[in-house]
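So you can see what is in the structure, the chains are spelled out below.
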Amino acid sequence: MSPGRIRKLVQGIEYFEDLLLAVILLLMIALAFAQIVLRNMFDSGIVWGDSLLRIAVLWVALIGAMVASRSGNHINIDLVTRWVGIQARWIVTSISATFTIAICAVLAYHSYRFVRFEFEDGFTAFAAVPNWVCEFIMPLAFVVIALRYLAILVYCLRYRQPMEPDS
Amino acid sequence: MIVTLAILALILLAFLGSPLFVVIAGAAMLGFYTSDIDLMVIIIELYRIVDTPLLSALPFFTLAGYLLAESNTSARLVRVTQALLGGLPGGLAIVAYITCAMFTAFTGASGVTIVAIGALLLPALTRAGYSERFSLGLVTTSGSLGLLLAPSLPLILYGIIVQQMNLPQSIDIKDLFIAGVLPALLMIGLLCAWTLWHNRSHPIPMQAYTSAEALAALNEAKWEIPLPFIVLGGIYGGFFAISEAAAVTVLYLLFIEVLVYREISLRQLPVIIRDAMVMVGGILLILGISLAFTNYLIDAELPNRLFDMIQSVITSKYGFLILLNIVLLMLGAILDIFSALVIMVPIIVPVALQYGIDPVHLGIIFLANMQIGYFTPPVGMNLFIASYRFKKPITELYLASLPFMLVLLFALMVITYWPALSLGLLDR
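(A) Molecular detail of the overall build of chain B. Looking only at helices and strands, chain B has 21 helices and 0 strands in total. The C-alpha atoms of chain B give a radius of gyration of 22 Å, which matches the 22 Å a tight globule of 428 residues would have. In terms of overall dimensions, chain B has C-alpha extents of about 70 × 50 × 45 Å along its principal axes. Within chain B, the proportion of its 428 residues that are buried is 61%. Once local pairs closer than 6 in sequence are excluded, the contacts in chain B between residues at least 24 apart make up 79%. Just so you have it, chain B exposes about 16300 Å², and 68% of that area is on carbon and sulfur atoms.

(B) Highlighting unusual backbone geometry. All names here are of chain B. Of the consecutive residues Ala150 and Pro151, the connecting peptide bond is found in the cis state with omega at -5°. Relative to the elements of secondary structure, Pro151 occurs in the loop between helix H8 (132-142) and helix H9 (153-164). Residue Asp36 is not a glycine yet carries a positive backbone phi of 60°. Structurally, the position occupied by Asp36 is in the loop between helix H2 (20-34) and helix H3 (40-47). You can call Asp36 exposed: its relative accessible area is 72%. Positive phi, normally seen in glycine, also occurs at Arg262, with a value near 55°. Topologically, Arg262 is positioned in the loop between helix H13 (242-260) and helix H14 (269-299). For Arg262, a relative accessible area of 65% gives the class exposed.

(C) Helix H4 (residues 57-70) of chain B, seen in detail. With 14 residues, H4(B) extends 20 Å between its outermost C-alpha atoms, agreeing within 8% with the 20 Å of an ideal straight helix rising 1.5 Å per residue. Those residues of H4(B) lying buried are B:Ala57, B:Leu58, B:Pro59, B:Phe60, B:Phe61, B:Thr62, B:Leu63, B:Ala64, B:Gly65, B:Leu67 and B:Leu68.

(D) Structural detail: the side chain of B:Glu257. Residues and elements named next belong to chain B. Within the secondary structure layout, Glu257 lies in helix H13. Exposure remark for Glu257: the relative accessible area of 0% places this residue in the buried category. Within the local environment of Glu257, its side chain forms a polar contact with the side chain of Thr73, the two groups lying 3.3 Å apart. Here Glu257 is in contact with Leu68, Ser71, Thr73, Arg76, Glu224, Arg262, Glu263 and Ile264, once residues within four sequence places are set aside.

(E) A look at the nonpolar core. Among the nonpolar cores identified, the biggest contains 222 residues, and A:Leu107, A:Phe142, B:Phe21, B:Leu63 and B:Tyr97 are the most heavily contacted of them. Leave out the neighbours within four places in its chain, and B:Tyr97 touches B:Phe134, B:Leu138, B:Ser142, B:Leu145, B:Ile188, B:Leu191, B:Cys192, B:Thr195 and B:Phe404. B:Val80, B:Ala83, B:Ala214 and B:Ala217 belong to the second-largest nonpolar core, a separate cluster that totals 5 residues.

(F) Region of the structure containing the packing of aromatic side chains. All names here are of chain B. In the structure shown here, the tally under the stated rule is 12 aromatic pairs over all chains. On the basis of an interplanar angle of 70° and a centroid distance of 5.5 Å, the ring pair of Phe32 and Tyr296 is categorised as edge-to-face. In this pair, Phe32 is assigned in helix H2 and Tyr296 in helix H14, connecting sequence segments 264 residues apart. The same class applies to Phe32 as to Tyr296, namely buried. Seen in terms of ring centroids, Tyr318 and Tyr417 are 5.8 Å apart; in terms of plane orientation they differ by 45°. Their pairing is tilted. With Tyr318 in helix H16 (residues 317-334) and Tyr417 in helix H20 (residues 394-417), this residue pair connects regions lying 99 residues apart in the sequence. Residue Tyr417 is classed as partly exposed on the basis of its relative accessible area, which comes to 25%. Pairwise contacts between aromatic rings join Tyr130, Phe134, Trp194 and Phe404 into one cluster. Stacked on the ring of Tyr261, the Lys or Arg Arg76 has its end atom at 3.7 Å from the ring centre. Above the face of the Trp197 ring, Arg200 is positioned so that its terminal group lies 3.9 Å from the ring centre.

Rules and cut-offs
Residues numbered from 1 in each chain as written. Chains lettered and ligands numbered in written order. Predicted model: local features only at pLDDT ≥ 70, side-chain atom pairs only at ≥ 80, totals over all residues. Heavy atoms only, no water. Helix = DSSP H or I, 4+ residues; strand = E, 2+ residues; numbered from the N terminus. Rg over C-alpha atoms; globule rule 2.2 N^0.38 Å. Buried < 20%, exposed > 50% of the residue type's maximum accessible area, 1.4 Å probe, protein only. Contact = heavy atoms within 4.5 Å. Areas by Shrake-Rupley, 256 points an atom, 1.4 Å probe, with all protein chains shown as cover. Expected span 1.5 Å × (residues − 1). Polar contact = N/O pair within 3.5 Å; in protein donor to acceptor, adjacent residues only side chain to side chain. Core = buried A, V, L, I, M, F, W, Y, C linked by side-chain atoms within 4.5 Å. Phe/Tyr/Trp six-rings, centres within 6.5 Å; stacked < 30°, edge-to-face > 60°. Lys NZ or Arg CZ within 6 Å of the ring centre and 35° of its normal.

Keep in mind these values describe shape, not function.
If you want it as structure tokens, here you go:
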């Protein structure tokens, strides 16, 4: 693929993530509000509503974490990166990106195992939705985070400068 | 030997700016691997997030904070407070403390208070006759004032984490909300008193109160003023739980900012939601991974060993509290508040309980320390945000915020060593 098409593809994925976050979150608000109205006014509620809401929290959190990895924007201690010069920063960034890729790969592997066990067990989380569907986001998120840090690492090694946001 | 080296490497990687969730995951892997436990346990613990009640409050309140920050709520809030309280001695400074505290309670001290309210107040303060250094110090330190007031996110997160731990002494987030009120008022009160005393030689002219301006300001903000009443009234009136209050808050804000004030367009909304969820994702990933790590630490009896170790040196409750304050102040200066809560609370709470400290009181102490950590040199976050926003060298901000810090440290002492201030309104 040409660089132009890769860029298009990446932009498309990023747009999809943004949209997915907005849709899930707005649905969560609607669901939570529906539960309040149903309980206070009709003394009823959606039986699996709370389960769905809590699984949705995991989903928005992990998609949010995927988005944060685009520019390596995770919560960290910036004591050192703030004070080292721009020349040295790409080295520091490369080291922490390598470490991040390794750890996320291990997390992705074990979450894949977890999802596979659950798939074989076949328990349902709520309504007719099986557990493994809800858990599927975990291996996906760690793979995406690892890939994004790989992109950051490649950029650092190639241009010998840290990646600026939106480049 | 190898384990020690690995631990040192992890600490080094943390300070080199690796994502904290990665560092904690690395620590958990090291721990479980050396104890021959399947690493899948980390993922199982992460998935336990879905069994945590109340957690949906986190994305909802975070988005609510972002909506408030993106609209002109800050300007309206300043105008109302100024119209009502500007006539008091020291008027504008008092206005600043109160608006910052209210705004932070809803936005959770993410630095947005300095950007949204500080930037409005700084020129107004200098115009009113306060010196530039004083004004800078005021807005920098007020950026985290209000952390103890409901419904601030760190307060809720502390409650969620402690509830996760199945302690003998349970805590209710509603209790935390009540416990934070008097300590927060003490901080604001002391800051006001210090402001008056500091400027005693050149009194600041007072602004006349006019009911026309008061009415106009109230009218402009008439949609936002009900918000705290809806949230707190709903919770304490028993109409909805805290997570539901969060949903109502965000729905109401979406309605007024998008449809009534029209300050946020539908097009901006996905971007605002995305930015808010990036923050939520960062916090929850650390929380989920830490659940695994702290479980390992608790299985390894770290809190007990820590207690025995401290107990051999410090036997009194108050001695322990002094140590706690020092550790937390340092921690608050290098870690952001959410990571600090998630990592430290599970370790500190069991130790503090053995010293006979109430978990609600501990939460207030913890957050009061974190609040000061926000502007503790050399790396408190508020200092950097203010330096960036107001284009001032960071060293100038160190000096400017120092006196305010001393006042708040005094407040911290009172809060720490006088538990009744936090617990008096509760029957614990």
